[in-house]
Amino acid sequence: MKLTEILNRLPALDESELVKLNRAVCDKIKAVRNRDAEHKRAILSEGDVVEWDGRYGLTSGTITKVNRKKAKVRTTMGMVWTVPLNMLRWPKSASIPRSA
């Protein structure tokens, strides 16, 4: 079933069906995010230089610890941020590991 078909059928669903659909969609999103975090956790390690877009714009730093879903990153200014793994990426100038 295509997304447009699902969207077209939404008005016909009652509240309990919508709740069930919402739960299924949220579970799928959570599974995808967990899979992505697991992949990054396998690739990222202490000492890697990374960057992310945060509240204060583009920030970069060095990973000091990788946790289950987040990493501790020390910036060049000495601040330590706890950053979700899905927000981290390698700077364009860095070599990116291809597999775990």
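Right, let's walk through the structure included here. If you're wondering where the values come from, they're calculated on a predicted model, not measured in any experiment. (Residues numbered from 1 in each chain as written. Predicted model: local features only at pLDDT ≥ 70, side-chain atom pairs only at ≥ 80, totals over all residues. Heavy atoms only, no water.)

Description of the pairing of strand E1 (residues 49-54)
And step 1. With six bridges connecting them, E1 and strand E2 (residues 57-66) associate as antiparallel partners. Looking across to E2, one finds that aspartate 53 is bridged to leucine 58.
And step 2. Turn length for the E1-E2 hairpin, with the two strands adjacent in sequence and antiparallel, is two residues. (Pairing = 2+ DSSP bridges. Helix = DSSP H or I, 4+ residues; strand = E, 2+ residues; numbered from the N terminus.)

Comments concerning the pairing of strand E3 (residues 70-75)
And step 1. Here E3 shows a clear split, with Ala71, Val73 and Thr75 buried on one side and none of Lys70, Lys72 and Arg74 buried on the other.
And step 2. Relative to E3, E2 runs antiparallel, the two sharing five bridges. Bridge pairing in E3 places valine 66 opposite alanine 71.
And step 3. Linkage of E2 to E3, two consecutive antiparallel strands, is achieved through a turn of three residues.
And step 4. As paired strands, E3 and strand E4 (residues 80-84) are joined by five bridges and run antiparallel to one another. Across the sheet, valine 73 pairs through a bridge with tryptophan 81, a residue of E4. (Buried < 20%, exposed > 50% of the residue type's maximum accessible area, 1.4 Å probe, protein only.)

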